[in-house]
Structures are given as structure tokens and as C-alpha cells.
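# Structural characterization, general
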Amino acid sequence: MLEGLHQIFNTFFNPGLIAHALPEILAVGLPNTLLLSAFASVIGIMLGLFVAAGLLSGHRGVHLPCRGYVDILRGLPHILTVYLIGQGLPLAGLSLFGGNTYGYAALAIGLIESAYFAEIFRAGFQSVERGQVEAGRSTGMSQLQVMLHIIIPQGARRVLPPLTGQFILVVKATSLVYLLGLTASQREMFAIAQDSAINNANLSPLTAAGLVYLALTVPMTYAVNAWDRRLRSGPSPRPIEAD
Amino acid sequence: MTIDTRGTSVRFEHVNKSFGRVDVLHDVVLSAPGGMTTCIVGPSGSGKSTLLRCANLLERPESGRVLLGDVDIAAPGVNVDAVRARVGMVFQHFHLYPHLCVLDNVTLALRKVRAMDLEQAQATARAKLGAVGLNGLESRRPADLSGGQQQRVAIARALAMDPEVMLFDEATSALDPELVKGVLAVMRDLSKAGMTMLVVTHEMRFAREVASQVVFIDKGRILEQGSPDAFFDAPRHPRLRHFLDQVL
């Protein structure tokens, strides 16, 4: 029994190996992870909003392609999508980012995430009452204006909790960038931990990376929940000040 | 209340509308003269709200013409947004934008549709909020207001667009009884100021005192219309007599 616990401790929680891996994870991996997460999130959210609007369109010509986009990107194994974008695009002559692995990885992860973001946003937009749309349209606002100024602000705020969950998945999904091959300085947290784990024949470096992931994602959840609570019950906003 | 009264009339000519197999409006002919208040009454499900919503194309008639002034707004190729910017609408459930403060609720369309700058839009909005008796609430959220105040914000939001016609769809039906009066007072002022108004309502006293004509709709047909006195004192159609017996 004690022997088993000792084994587990040594394999996953070896303090020396964790301490040894952490500096590189923090100095090299963390910035790379954050950078990739940021790019992928921006791509994912922008495209996701756009596709969500398309999913709600009454025109089949708009609705169906958006539906297909979401179904395919959510249905394919992420690893395959990363390969398709990261290796497929350059092979097809579309070297959008030259030899920069990062660009392809951010694009691939962003595209994958946009499908999930789109479904989350769609649910949020659909939860906005029909009367809100009619109120906006009855004052002469166009469909697009109603979308931008009435539906998106209300819908997006209602889906903050599931959006946070998706952000966490983005952060973790950045580890897929290893599939495309990285130089030492390009490695994100998980790749560094994995290399260290292999070199030391011990899984503790992965635990080190796991701790940093937790340090990123748990506060994020709390911060968004606090923000969510404030939006729901907080003090009235002041009107926009004159510029 | 001072408004720019242009006396734009609204005329429905042989308007038909169905939802699926249900005939909601059947060959409706109605003229709402400019500068006058036309009250539309009838049982629930009679089609009165649908008729009102045809006046700003929230519902599109299947056949017939809807004339705003001289223009058939139901004709193909008409710019719907431009039509709606000329027609204000007030809803039963207010439909204020909950994520915006009172002032921004009123300025949104001014800025996006009328392309006013912020200062001009806010000045217009403050003036209209003042006209409906709501000074000092500009920075509140709709949820912090009473139902009566919310509905007056909604009226101010519609009026700010400087509409030629105002549509009221059961504007007081969702209000607590003690809050109805304030909203009706605003509507009465507006009527006196010469706004063309179409008012779907269950407030028979309001209809009697304010309307120039009252219209009774049942099962998608106009069964009777006339001056308030004739309408309430000498109803001819048996359905209307029965209806008035129930509500008065």
C-alpha cells in the first residue's frame, strides 16, 4: 500500500523534477501558450459570431453552409483538422504564414473553436426575445443593426459561463501545435513538459504543466463568473458620455 | 406636448392575411385619417394586432394595399426600413433594450437610423423623455423602472424618431391598474397634439374619450366602425353588442 503511494508520488509528483521543469514551462511555454490561445480565441470568436448569425439566417443559401461548417469542424478529430490546415494548406500552395508553424496552428485551432463558439452564440442569440428584434426593426433599424446592437450584446452576455468553458478548451487545445513540429523556442507548455517527461522517464513534468494550466483556467472561471454576476445584478451603467 | 403634425393617413385596402390555414385578416378596408386617433377593439385573436402590425410591415399582407399617405408600403420593392422609420410602434410588453440605460434606449435608433451625432441624439432623447414626464431617469436600466415608466420610455423611444404615425398595440394591457392612467395621459396628449394614431386597446373609456373613430374587428373582419358615440351608444352589429356587454 505505502509502496504504491510512494510509486505514484515519485512518478507524478517528484518535487525535484517539477522544480526542474517549471522554469522552462513558465519562461518559454507559458508565453507561447498564451499567445496561441489569444490568436486562436480571436479567430474563433470572430468567425463564431459570424457563423452564429448565419445559422440563424432564414436564407437556406446562408444557413446550410454555416450548418455544414459547424457540423464538419465539430465532427472531425481535432488532430486531423490541425494536419489539414497546417500541412494541407502549404501543400495546396497556400503558404499563408510561410514556414511559421504558429500561424497555421492558431488558424487551425481558431477554426475548430469557431464551430463550438458558433453553437454557443447561436443558443445565446436565440434566447433573445422576438420582441427585442421587433422593437429594433420597428424603429427602422436594419437586420444587421439589430444583430449588432441588440441581439449580440444581450445574447453574448447570457452565454458567458459556457464561453468560459470553451476558452479553457482553447487553452488546452493549443498543445495540439506539437503536431506541426516546433523549434525549441516555439514549444508551448505541454510540449516542454512532454519532452522533459521523456528525457527523465518520469511524468512529473506533465504535472508541473498541469499546475500551470490550472493556475490559468481556475482564476479565469472565477473572474468570468464574477463578471457575469455583476452584469446580472450590478449597478446601472451610466449613459455613454459625449466624445 | 408639441409635435410636428403632418397628418399622414393610413389606409388599408382589401388587406388579407393568413397564418397557415387560419384567416387572420379578411378583406379589411379601413381608413385612419391623418391627425386623428383610430381605436381598434375586438376579442383576443380577432386579428386586431395583426392589422396594426401590417401598418409597419411587421406582418406582410398577402394581398391588398397598405397606404401610408399616398404610398403603398406593401408593394414589392418598398424600402421596409425607411417605412418603419416613419411609423412609431409601442408594444404591450414594452420591449425596452434591457442591456441599455433609458437614455441609450431612446438614442439607439436616432444614431443608427437617423445618423445623428451623440450630442444631438441625447438632446432629442432628453426632450422626448421630458415630454412623457420622465426627467432624471436617463441613467437607469429599464429593469429598475415601474411598468408605467417603462412604457413611457418606449413611447419616447418611438416619438424620438419623429414619426408621422404612431401604433399602440395594447400599450396598457400589461400594466398594473394604477399605472395605466399615466400612460393613457401621455397617449391622450399625443392625440390632442394631432398625431395620427392607431390604437389597439381594451380601454373602452379611452376609446370613447379620445378616438375620432372606433373600429370593431372579429374573426379577421371589420364588423362595425363609427364615431365613439354611435359605436358605444348605438351599436348595430349583434356581435359588437355582445362584446360591449361583456367588457363594459
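A few points on the structure.

So, on to the interface of chain A and chain B. Contacts between chain A and chain B engage 23 residues on the former and 29 residues on the latter. Breaking the side of chain A that touches chain B down by element, the ones donating at least two residues are α6 (130-138) and α7 (143-158) of chain A. Tallied by class, residues from the side of chain A that touches chain B come to eight nonpolar, 10 polar and five charged.

An α-helical segment advances 3.6 residues per turn. Residues three or four places apart therefore align on the same side. Residue and element names in this part refer to chain B. Under the 1.5 Å per step criterion, the end-to-end length of helix α6 (residues 177-192) is 23 Å for 16 residues, consistent within 8% with the ideal 22 Å. In this fold, the buried residues of α6 make contact with β3 (37-41), α5 (147-160), β7 (165-169), β8 (196-200) and α7 (204-210). Once α6 finishes, G194 follows within two positions and takes phi at roughly 95 degrees, a positive value.

Across a sheet, paired strands are connected by hydrogen bonds in the backbone, their directions being either parallel or antiparallel. Residue and element names in this part refer to chain B. If you walk across this open sheet you meet the six strands as β6-β7-β8-β3-β9-β10, and the pairing is mixed. Two strands in the sheet have a free side with no partner beyond their single neighbour: β6 (87-90) and β10 (221-226). Geometrically, the sheet is characterised by an average inter-axis angle of 20 degrees between neighbouring strands, direction not taken into account.

A few words now on the nonpolar core. One finds B:I40, B:A156 and B:L167 to be the most contacted residues of the largest nonpolar core, which totals 135 residues. Broken down by element, the residue count for this core peaks at 15 residues, all from helix α2 (residues 15-55) of chain A. The residues touching B:I40, leaving out its near neighbours within four places in the chain, are B:K48, B:L51, B:L52, B:L198, B:V199, B:V200, B:V215 and B:I217.

What follows covers unusual backbone geometry. Generally, phi is negative for residues other than glycine and the peptide bonds are trans, each holding for most cases. Residues and elements named next belong to chain B. Here the phi dihedral of F94 falls at roughly 65 degrees; this positive angle occurs in a residue that is not glycine. Unusually for a residue other than glycine, D162 sits at a positive phi of about 55 degrees. Within the fold, D162 resides in the loop between α5 and β7.

Residue and element names in this part refer to chain A. One way to put it is that α2 packs onto helix α5 (residues 101-126) with a least axis distance of 5 Å and a crossing angle of 40 degrees. Overall, the two elements α2 and α5 adopt an arrangement that is oblique. With respect to the hand of their crossing, α2 and α5 are arranged in right-handed fashion. A per-class count over the contact of α2 with α5 returns 19 nonpolar, four polar and two charged.

Residues and elements named next belong to chain B. Read across the open sheet, the four strands follow the order β2-β1-β4-β5; overall the sheet is antiparallel. Both edges of this open sheet fall to β2 (22-32) and β5 (71-72), since each of them pairs with a single strand only. Of the pairings in the sheet, the one linking strand β4 (residues 63-68) to β5 comprises two bridges and is antiparallel in character. Bridging from a neighbouring strand, L68 pairs with V71 of β5.

Residue and element names in this part refer to chain B. By the secondary structure assignment, G194 is in the loop between α6 and β8. Taking the C-beta count within 10 Å as the criterion, G194 has 18 such neighbours and is therefore assigned partly exposed. Remark: the alpha-carbon pair of G194 and D229, spanning 35 residues in sequence, is separated by 20 Å.

Each value, and the rule that gives it
- Residues numbered from 1 in each chain as written.
- Chains lettered and ligands numbered in written order.
- Predicted model: local features only at pLDDT ≥ 70, side-chain atom pairs only at ≥ 80, totals over all residues.
- Contact = placed C-beta atoms within 7 Å.
- Helix = DSSP H or I, 4+ residues; strand = E, 2+ residues; numbered from the N terminus.
- Nonpolar A, V, L, I, M, F, W, Y, C, P; charged D, E, K, R; others polar.
- Expected span 1.5 Å × (residues − 1).
- Pairing = 2+ DSSP bridges.
- Axes fitted to C-alpha atoms, helices over the stretch in contact; angles between N-to-C directions.
- Core = buried A, V, L, I, M, F, W, Y, C linked by C-beta atoms within 7 Å.
- Buried ≥ 20, exposed ≤ 12 C-beta atoms within 10 Å, placed from the backbone.
- Parallel < 35°, antiparallel > 145°, perpendicular 65-115°, else oblique.
- Left-handed = near helix turned anticlockwise from the far one by under 90°.

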